[in-house]
Amino acid sequence: MTAPRQLHDCRDAFTAVLEALAAANPDVVAVCNDSVGSSKLGGFRDQWPERLINVGIAEQNLVGVGAGLANGGKLPFVCGASCFLTGRALEQIKADIAYSNANVKLCGMSSGMAYGELGPTHHSIEDFAWLRALPNLPVIAPCDRIETAAATRFAASYDGPLFLRLSRVGVPDLLPADHEFALGKANLLRVGDDLTIIANGVLSHRALAAADLLAAQGLEARVLNMATVRPLDDEAIIRAAAETGALLTCEEHTVFGGLGSAVAEVVVRHRPVPMEILGVPGIFAPTGSANFLLDEFGLSPAGIAQSAGRLVARKG
Amino acid sequence: MEAHQLRAIANRIRRRDLQAVFEAGAGHIGGEMSVIDLLTVLYFHVLNVDPNAPRDPQRDRFVLSKGHTACALYVTLAEAGFLPKAEISTFLQPHSRLNGHPNCTKVPGVETNTGPLGHGLPVAVGMAKAAQLDGAAWRTFVLTGDGEMQEGSNWEAAMAAAQFGLDNLTLIIDHNRFQQGASVAGTNNLAPIPPRFEAFGWAVAEIDGHDIEAIIEALAPAARVPGKPKCIVAHTNKGQGISFMRDRVEWHHKVPNREQYERARQELEEAMP
């Protein structure tokens, strides 16, 4: 058993990097929809009040204004609760950001089921599906504060639009402190040859814990952290399918159209192997905290390990 | 540029637009005819834009929010030197960069992609905000339809523009009183538009959107009202310049047959200044 590790809110890492970027580059602006607190922009506002552009509760305008600011030479980080940012303003994201190639960083805060008990209106468990259907919009879900910081730095250096999916649910550090983000590249969190567990966001540490449980049963699981849902790391998936013969995906997202679907699209074309997709099973979630709901949907370490055991039994 | 020269250009743009729609067999000719005088004054008298430096950071920004009238924009951009004039004949052809709605990643002079309505004003607010942050002199103009103002996103943007005090932003509403399927009044009546914008904190002017001198005056820097975004309600006619199209809702996107095309062409030629 590993000792309990300290948990961190990834938004703090995001904010720290954003403020460093803003200090170095006067064109960095933050745009929000009355979400200064929930996007952790209070420090930014205090230091650069004129560069904190709060459009009020108006997500369509939020995204359009972001596109216009980029056109005018600014580097906008457009921050809002992921459920509203992606759901309410999807057409603006498509037309004004992705299709127009606006250099806007969309930051979906408190994504997945982070809002837990507030209910399905506030859950953002469709954003992978909606956004990965769009061309020219990388979709990134960091797994810890280290990857969050690295992905935020990457976002500023990347010339084009992208979407950062940021949770508020505490997660332990998984990646080395000097980790550098590479778009479309999975990180190997654990070696193993009996199956591969692919996860991202708040599921990566649960996948690792599941691998520990499996090891105790004599199964060695490879664990891949796949922050980038689009463009996907096809090569790592094909190699995992070839070398381990079974793939299990875990995501804080509906099982329809998310990470699991994206992986399956690669597997079915290149290397068909037994696969299982774990996530929210296509329902509006009942009342409960994010961690309670993840456990409820079979995404506890024990639940993931159980699915993994069944999956390995299907291998030829 | 003088008003009589602008009238000649507008007439030339109308004729080329008519031909392009006729040859392509598609387009939105009614709304194109209603905005051409506005586009002409913008591109040949008001906008500080350079076809040789279409991305100059200090350029004025123009957003055609009613993106379905792209053909009129393409012809205007070609007339202004942003595109080869010969390219207009590729409008809507396979792999042409001139599709039914403008694409800023392919067509020089286009600032943002429009097509779905209610997108231009929010983007223009962002542009004007960027200039305000920099204390830059460049101005932002956005042209919408009147039916388009039924989209709620416009009113989100209208609130923000007033809140931010964007007096470097000018919204021109092409008030031709018709939308795709019927009159605006008979669909979801927005009239009277001016008091609505005044209530939202904007400075408002009403003009005849086919009166070149009136457009020039309304868009002059001197017309700026400190601290307030400007809304110009341009009273126009759908199908302006072609008698049998004028104020006829069916010409929103109807395509003239050969006989109608010849008749329209003749009318426009006779109206050449």
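What counts, and at which threshold
- Residues numbered from 1 in each chain as written.
- Chains lettered and ligands numbered in written order.
- Predicted model: local features only at pLDDT ≥ 70, side-chain atom pairs only at ≥ 80, totals over all residues.
- Heavy atoms only, no water.
- Helix = DSSP H or I, 4+ residues; strand = E, 2+ residues; numbered from the N terminus.
- Rg over C-alpha atoms; globule rule 2.2 N^0.38 Å.
- Buried < 20%, exposed > 50% of the residue type's maximum accessible area, 1.4 Å probe, protein only.
- Contact = heavy atoms within 4.5 Å.
- Areas by Shrake-Rupley, 256 points an atom, 1.4 Å probe, with all protein chains shown as cover.
- Lys, Arg positive; Asp, Glu negative; His and termini not counted.
- Charge placed at Lys NZ, Arg CZ, Asp CG, Glu CD.
- Salt bridge = Lys/Arg side-chain N within 4 Å of Asp/Glu carboxyl O.
- Core = buried A, V, L, I, M, F, W, Y, C linked by side-chain atoms within 4.5 Å.
- Domains from an automatic or database assignment.
- Axes fitted to C-alpha atoms, helices over the stretch in contact; angles between N-to-C directions.
- Parallel < 35°, antiparallel > 145°, perpendicular 65-115°, else oblique.
- Left-handed = near helix turned anticlockwise from the far one by under 90°.
- Nonpolar A, V, L, I, M, F, W, Y, C, P; charged D, E, K, R; others polar.

**Points about the overall build of chain B**
Logical step 1: Summing up its helical and strand segments, chain B has nine helices and five strands in all.
Logical step 2: When the helices and strands of chain B are listed from N to C terminus, the series reads α-α-β-α-α-β-α-β-α-α-β-α-β-α.
Logical step 3: The C-alpha radius of gyration of chain B comes to 17 Å, within 12% of the 19 Å expected for a compact globule of 273 residues.
Logical step 4: Considering only C-alpha atoms, chain B reaches an extent of 50 × 45 × 35 Å along its principal axes.
Logical step 5: Each of the 273 residues in chain B was classed as buried or not, and the buried ones make up 58%.
Logical step 6: Taking as baseline every contact in chain B between residues at least 6 positions apart, the subset at least 24 positions apart corresponds to 76%.
Logical step 7: Surface exposure of chain B reaches about 10200 Å², of which carbon and sulfur atoms provide 49%.
Logical step 8: Counting 26 positive and 31 negative side-chain charges, chain B places the averaged centre of each group 2 Å from the other.

**What to know about the pattern of salt bridges**
Logical step 1: Enumeration according to the criterion identifies 27 salt bridges over all chains in this entry.
Logical step 2: Close ionic contact of lysine 74 of chain A with aspartate 27 of chain A constitutes a salt bridge, the shortest N to O distance being 3.0 Å. Separated by 47 residues along the polypeptide, lysine 74 of chain A in the loop between α3 (59-71) and β3 (75-81) and aspartate 27 of chain A in the loop between α1 (10-24) and β1 (28-32) bring together distant segments of the chain.
Logical step 3: A salt bridge links glutamate 111 of chain B to arginine 59 of chain B, with the shortest nitrogen-to-oxygen separation between them at 2.7 Å. Of the two residues, glutamate 111 of chain B sits in the loop between α3 (70-79) and α4 (120-134) while arginine 59 of chain B sits in the loop between α2 (29-46) and β1 (61-64), which places them 52 residues apart along the sequence.
Logical step 4: Three or more residues are tied together by salt bridges with common partners; here these are Arg258, Glu262, Arg265 and Glu269 of chain B.

**Looking at the environment of glutamine 93 of chain B**
Residues and elements named next belong to chain B.
Logical step 1: Considering the arrangement of structural elements, one finds glutamine 93 in the loop between α3 and α4.
Logical step 2: The exposure class assigned to glutamine 93 is partly exposed, which follows from its relative accessible area of 38%.
Logical step 3: Taking the C-alpha atoms as reference points, glutamine 93 and histidine 235, 142 residues apart in sequence, are found 33 Å from one another.

**Overview of the nonpolar core**
Logical step 1: Among the nonpolar cores identified, the biggest contains 73 residues, and Val125, Leu169 and Phe197 of chain B are the most heavily contacted of them.
Logical step 2: A per-element tally of this core places α4 of chain B first, with eight residues.
Logical step 3: Taken domain by domain, the makeup of this core includes at least three residues from each of domain 1 (10-165) and domain 2 (187-313) of chain A.
Logical step 4: Apart from residues lying up to four places away in sequence, valine 125 of chain B is in contact with Val65 of chain A together with Ala157, Ala160, Ala161, Phe164, Leu166 and Leu169 of chain B.
Logical step 5: The next biggest cluster of nonpolar side chains, apart from the first, holds 59 residues, and it includes Leu39, Val41, Val107 and Leu143 of chain B.

**As for the packing of helix α1 (residues 3-24) of chain B against α3 of chain B**
All names here are of chain B.
Logical step 1: It is at 9 Å that the axes of α1 and α3 come closest, and there the two elements cross at 130°. Classified by the angle their axes make, α1 and α3 are oblique. Relative to α3, α1 is oriented so that their crossing is right-handed. Residue-level contacts link Ile9, Arg12, Ile13, Arg16, Asp17, Ala20 and Val21 of α1 to Cys71, Ala72, Val75, Thr76 and Glu79 of α3.
Logical step 2: Looking at the contact of α1 with α3 residue by residue, the class counts come to seven nonpolar, one polar and four charged.

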